[in-house]
Amino acid sequence: MSETGRVGNLTKDQETKLNKFKESLKDVLQEKHTDHHLLRFLRARSFNLKKSEELFREDIKWRKENKISTILQDYKPPPVFEKHWVGGVVGADKAGHMVAIDPICLVDPRGFVYSINADETQKLGMYIAQELYRFAKENSKKQGRYVEGMVLIMDVGGLSAEHLWRPGIRLFTDLTSILEQHYPETIKTIYVIRAPALFPVAYNLVKPFLHENTRKKIQVLKSSVWQKVLLEHIDADVLPKYWGGTRVDPDGNEKCPSIVKIGGKVPESMYVKNHFTDEENLTKLSIPAGGTKDLKYEVRDPNSAIRYQFKTNEGEIIFGIVYRKNPNDKKDVDVIKKPEKMFCNITPADGEVDAENLGIYIIRFENPAKMTAKTLSYSIEVLECDDDELNSLET
């Protein structure tokens, strides 16, 4: 018998709370929000109805804002992800749960971070999370039944101080936070193998981003037993030989890189460490500790866009964009881009936003540091539409 809190094994109290949960969410529920789906949010907050509803509604909002339903089709990950990320789904365990292997320490943390833009880490995290969710749905179809929970084999062999580099850790915790907040209760078990003496230090850095329920699902397996434990739950022909099974690639490679990406050193040719083509033309300004700087740009043509690039001399900056139709009305504003911490002292943040309406667009930078001023280097421009050219392309 499976543990309580799941379809087919609910206590009377849990069943009552599930019905109340549905009633409180009837304004946003869709056909895809099955009992299986709703119970994941309830379990994630220990069947606390108020907290579960807050989590669920925030997830609905997040998915709409970030267009998660089409992200796998619309978003193209950066080249470094395709060539130098790690991990893969290898199949299912004996109970039908999806099995993924993550040899996380085969990532080149500095090379990877240097090769993506600062504002792309969140989008990439969303893509990875949704891709895992897609694999889980496909696995249920293969099993011919709904199978909940993923088994993750996390190989931390080779963990070194290099992997404790703050921006690299943040890349990992960004993904962790997305999974915890928007894909709750999707982990069945995490097996940690080949853990060196440094592992507790790394775990303490990640632990604050893991929900208590997730932490309870982690098993750190000793070197003398990890292969035995894995094979008790997973057939040998599912696991690559390097991870305790018998599976190899056609060329005999025991890590099966055809299904499990194995990272590797990122060549400097892939780095995006400097997007600014002419340093002399950058505008620089100093933002005092705890200070805010508003940069105002007027859009005079409809359907324009605003392109931005910026970088700090150290640490993070809070970045957001608001729109004001009436320059004199400070209360009448629409949020175009919500304020977000950007770690752009190593690689610059760049991107663009639609400026469909006429009026004032305010680019707002805030220095969250309490003691230190920060120097911001930036380039911001309003991109106007060439109506004549656009019309000539219409057929």
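Residues numbered from 1 in each chain as written. Predicted model: local features only at pLDDT ≥ 70, side-chain atom pairs only at ≥ 80, totals over all residues. Heavy atoms only, no water.

S.K.: I would appreciate a short explanation of the sheet that holds strand β10 (residues 316-324) in the present structure.
M.R.: Two strands in a sheet stick together by hydrogen bonds in their backbones, pointing the same way (parallel) or opposite ways (antiparallel). Taken in spatial order, the four strands make up an open sheet running β8-β13-β10-β11, and their pairing is antiparallel. The open sheet has two free edges, formed respectively by β8 (292-299) and β11 (333-343), since each of these has just one partner strand. Taken over all neighbouring pairs, the strand axes of this sheet differ in orientation by 15° on average, direction set aside. Pairing geometry for β10 and β11, over eight bridges, is antiparallel. Note on β11: the bridge partner recorded for Arg 324 is Val 333. (Pairing = 2+ DSSP bridges. Helix = DSSP H or I, 4+ residues; strand = E, 2+ residues; numbered from the N terminus. Axes fitted to C-alpha atoms, helices over the stretch in contact; angles between N-to-C directions.)

S.K.: I would appreciate a short explanation of the layout of surface pockets in the present structure.
M.R.: Rolled over the atoms, a probe sized like a water molecule indicates the empty space that remains. Space inside the largest pocket adds up to approximately 1,600 Å³. Every residue lining the largest pocket is counted, 38 residues in all, and those nearest its centre are Asn 66, Gln 122, Met 126, Lys 337 and Glu 340. Looking at the lining of the largest pocket, the elements that each hand over two or more residues are α3 (49-65), α4 (71-74), α7 (121-143), α8 (166-182), β11 and β12 (349-355). (1 Å grid on protein atoms, 1.4 Å probe; cavity = no way out; pocket = protein on both sides within 12 Å on 5 of 7 lines; lining within 4 Å. Points joined across faces, edges and corners; volume = space filled by probe spheres on them.)

S.K.: When you look at the pattern of salt bridges in this model, what are you seeing that I'm missing?
M.R.: This structure, assessed with the given rule, holds 22 salt bridges. Here Asp 108 ties to Lys 265 by a salt bridge, and the two come within 4.0 Å at their closest N and O atoms. Residue Asp 108 is located in the loop between β2 (98-102) and α6 (109-114), and its partner Lys 265 is located in the loop between β6 (261-262) and β7 (283-287); the two are separated by 157 residues in the primary sequence. As a salt-bridge pair, Glu 185 and Lys 217 come within 3.3 Å of each other at their nearest N and O atoms. On the criterion of sequence distance, the pair formed by Glu 185 in the loop between α8 and β4 (187-193) and Lys 217 in the loop between α10 (212-215) and β5 (218-220) is long-range, its members being 32 residues apart. An identical accessibility class is assigned to Glu 185 and Lys 217; each is buried. Put simply, Arg 6, Arg 43, Glu 148, Glu 185 and Lys 217 are held in one network by salt bridges that share partners. (Salt bridge = Lys/Arg side-chain N within 4 Å of Asp/Glu carboxyl O. Buried < 20%, exposed > 50% of the residue type's maximum accessible area, 1.4 Å probe, protein only.)

S.K.: What should I look at first to understand the pairing of β10 in this one?
M.R.: Side-chain direction in a regular strand flips from residue to residue, so the side chains alternate between the two faces of the sheet. For β10, a buried count of nine out of nine residues is recorded, marking the element as mostly surrounded by other parts of the structure. Along β10, one buried face is formed by Glu 316, Ile 318, Gly 320, Val 322 and Arg 324 and the opposite face, lined by Ile 317, Phe 319, Ile 321 and Tyr 323, is buried too. Alignment of β10 against strand β13 (residues 359-366), held across seven bridges, turns out to be antiparallel. Of the residues in β13, the one forming a bridge with Val 322 is Ile 362.

S.K.: Please clarify how helix α1 (residues 12-24) should be interpreted in this entry.
M.R.: Because each turn of an α-helix spans 3.6 residues, side chains separated by three or four positions end up pointing in the same direction. The first and last C-alpha atoms of α1 sit 19 Å apart over 13 residues, in line with the 18 Å expected at 1.5 Å per residue. Looking at the buried side of α1, the elements it contacts are α2 (35-44) and α3. (Expected span 1.5 Å × (residues − 1). Contact = heavy atoms within 4.5 Å.)

S.K.: Honestly, the packing of α2 against α3 in this entry has me stumped. Any pointers?
M.R.: Packed helices, taken two at a time, are described by their axes: the angle between them and the distance between them. Between α2 and α3, the least distance of the axes is 8 Å, while the angle of their chain directions is 125°. Viewed along their axes, α2 and α3 adopt a mutual orientation that is oblique. Helix-helix and strand crossings are classified by hand; for α2 and α3 the assignment is right-handed. Together, His 37, Leu 38, Phe 41, Leu 42 and Ala 44 of α2 and Leu 49, Ser 52, Leu 55, Phe 56 and Asp 59 of α3 make up the contact between the two elements. Across the contact of α2 with α3, the residue classes break down as seven nonpolar, two polar and one charged. (Parallel < 35°, antiparallel > 145°, perpendicular 65-115°, else oblique. Left-handed = near helix turned anticlockwise from the far one by under 90°. Nonpolar A, V, L, I, M, F, W, Y, C, P; charged D, E, K, R; others polar.)

S.K.: Looking at this structure, how should I read the packing of aromatic side chains?
M.R.: Geometrically, a pair of aromatic rings is defined through the distance of the ring centres and the angle of the planes. One pass over the structure, following the stated rule, counts 18 aromatic pairs. Relative to Phe 319, the ring of Tyr 308 lies with its centre 4.8 Å away and its plane at 50°, an arrangement referred to as tilted. Of this pair, Tyr 308 sits in strand β9 (residues 304-312) while Phe 319 sits in strand β10, placing them 11 residues apart in sequence. Across the pair, exposure class does not vary: Tyr 308 and Phe 319 are buried alike. Taken together through their ring pairs, the aromatic side chains of Tyr 75, Phe 81, Trp 85, Phe 112 and Tyr 127 make up a single cluster. One cation-aromatic arrangement involves Lys 255 over Tyr 242; the distance from NZ or CZ to the ring centre is 4.7 Å. Above the plane of the ring of Phe 81 lies Lys 261, whose end atom (NZ or CZ) is 4.4 Å from the centre. (Phe/Tyr/Trp six-rings, centres within 6.5 Å; stacked < 30°, edge-to-face > 60°. Lys NZ or Arg CZ within 6 Å of the ring centre and 35° of its normal.)

S.K.: Whenever I open this one, unusual backbone geometry confuses me. Can you help?
M.R.: Glycine aside, residues mostly have negative phi angles, and peptide bonds mostly take the trans form. The phi dihedral of Lys 67 is positive, around 50°, even though this residue is not glycine. One can find Lys 67 in the loop between α3 and α4. The backbone phi angle of Glu 185 is positive, close to 60°, even though this residue is not glycine.

S.K.: I tried to follow the pairing of β9 on my own but got confused; where do I start?
M.R.: Burial runs high along β9: seven of the nine residues are buried. The pairing of β9 with β12 spans seven bridges and is classified as antiparallel. Considered in β12, the bridge of Tyr 308 is made with Gly 351. Two strands pair when backbone bridges link them, and β9 and strand β14 (residues 374-383) are joined in this way by eight bridges, in the antiparallel orientation. If you follow Thr 312 over to β14, its bridge partner there is Leu 376.

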